[in-house]
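A look at the structure
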Amino acid sequence: MAEHSTTAKPTLVLLHGWGLNQGVWSEVQQQLAGDFQVLALDLPGFGLSRQFPPAYRLDEVLSQLAAQLPEQSYLCGWSLGGLLAIALAATYPDKVKQLALVAATPKFLATDDWPGMRAEVMQQFASALSQNLPQTIQRFLAIQALGSEHAKQDILKLRDSIAHFPEAQPQAVVQALTLLADTDLRQQFAALTQPVVGCYGRLDSLVPVAVLPLLQQLQPAAKLTVLAKASHAPFISHPGEFCQWLRSALQ
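Since the model is a prediction, treat every value here as computed from it, not as a measurement.

Examining the sheet that holds strand E2 (residues 37-41)
One open sheet holds the six strands; their spatial order is E2-E1-E3-E4-E5-E6, and the pairing between them is parallel. Looking at the sheet topology across the chains shown, the edges are occupied by E2 and strand E6 (223-227). Averaged over all neighbouring strand pairs, the angle between strand axes comes to 20 degrees, with direction disregarded. Along the sheet face, helix H11 (residues 239-249) touches strand E1 (11-15), strand E3 (73-78), strand E4 (96-102), strand E5 (196-201) and E6 and points at about 155 degrees away from the line of E4.

Overview of the packing of aromatic side chains
The final tally for this structure, using the stated rule, is nine aromatic pairs. Here Phe 36 and Tyr 74 contribute two aromatic rings whose centre-to-centre distance is 6.0 Å and whose plane-to-plane angle is 80 degrees, an arrangement assigned as edge-to-face. Here the residue Phe 36 occupies a position in the loop between helix H1 (26-32) and E2, and Tyr 74 occupies one in strand E3, the gap between them amounting to 38 residues. Residue class for Phe 36 comes out buried when judged on its relative accessible area of 5%. Here the aromatic rings of Trp 78 and Phe 235 are separated by 4.8 Å at their centres, their planes lie at 85 degrees, and the arrangement is edge-to-face.

Regarding helix H7 (residues 170-182)
If you check H7, its first and last C-alpha atoms are 19 Å apart, about what 13 residues at 1.5 Å a residue would give, namely 18 Å. Those residues of H7 that sit buried are Ala 172, Val 173, Ala 176, Leu 177, Leu 179, Leu 180 and Ala 181. Taken together, the buried residues of H7 touch helix H2 (58-66), helix H3 (80-91), helix H4 (119-131) and helix H5 (133-145).

Considering the side chain of Ser 148
Positionally, Ser 148 belongs in the loop between H5 and helix H6 (151-162). Those residues within four positions of Ser 148 in sequence are excluded, and the remaining contacts are Asp 154, Leu 203, Lys 229, Ser 231 and Ser 237.

Scoring rules and cut-offs
- Sequence order as written defines residue numbering, which begins from 1 separately in each chain.
- For a predicted model such as this one, the threshold for reporting local features is a pLDDT of at least 70, and the threshold for listing and counting side-chain atom pairs is 80 or more; totals across whole chains, interfaces and linings nevertheless cover every residue.
- With hydrogens and water excluded, all non-hydrogen atoms of the structure serve as input to the side-chain values.
- Any two strands are treated as partners once DSSP identifies two or more bridges connecting them.
- Helical segments are the DSSP runs of H or I of at least four residues, strand segments are the runs of E of at least two, and each set is numbered from the N terminus.
- Here the axes come from fitting lines to C-alpha atoms, over the contacting stretch only for helices, and the angles between their N-to-C directions go from 0 to 180 degrees.
- Note on contacts: a residue pair qualifies if any of its non-hydrogen atoms lie within 4.5 Å across the two residues.
- Two aromatic rings from Phe, Tyr or Trp, using only the six-membered ring of Trp, form a pair when their centres are within 6.5 Å; if the ring planes differ by under 30 degrees the pair is stacked, by over 60 it is edge-to-face, and anything between is tilted.
- The cut-offs for exposure are 20% and 50% of the maximum accessible area for each residue type, with area from a 1.4 Å probe on protein chains only; residues under the lower value are buried, those over the upper are exposed, and the others partly exposed.
- A helix is expected to span 1.5 Å for every residue after the first.

Structural data, given as structure tokens:
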């Protein structure tokens, strides 16, 4: 019988969402360590990544992340991290072998032709940030769990997971929210040549599942999955189901 050559595990890079840090992935990292070389990055200005471009321009943020991204990585981005993952796949195609989106789209702000986060909700967050950063982040955690069967536990789990890392730099939090509101990558998303998979929560109030048919139009070959009882953080509320999805989606 021929011996199997031992091949190195593929690299899976994880990007967290707005206001948080790499801690959100702790359970996913543990569950997937047998299948992948898992690398959870902090977005510039969040967690352990203390340096960030002062204006938080998309190209500068991408450049800082790309420097940490191994060639031919599987790239999985949640929420804001997903938006940045789309931009990375478009700008640095050699770095990204396959793209996995979690509760993420190429455009977060709702417009007449696109379901998403309402502009007034985004504005409320922006103004609240200047008054009380920690409180605003807590409110955001609560919104992410809205609709989930075990919302209270999900919020506590999210809060605990990020508590092991330094708080985000206030200016980065504010600038990253602006980036989230202003960025529209629909053309870049449509032009991606890498395979795209996505996982969405049916109860998500930030990225409504109504957007899925539009994503499918832009990327007809994309394989998009909806978890019936999940909200905006399916890997927190349904870690087993989520890891099973990611494992099979990245084959």
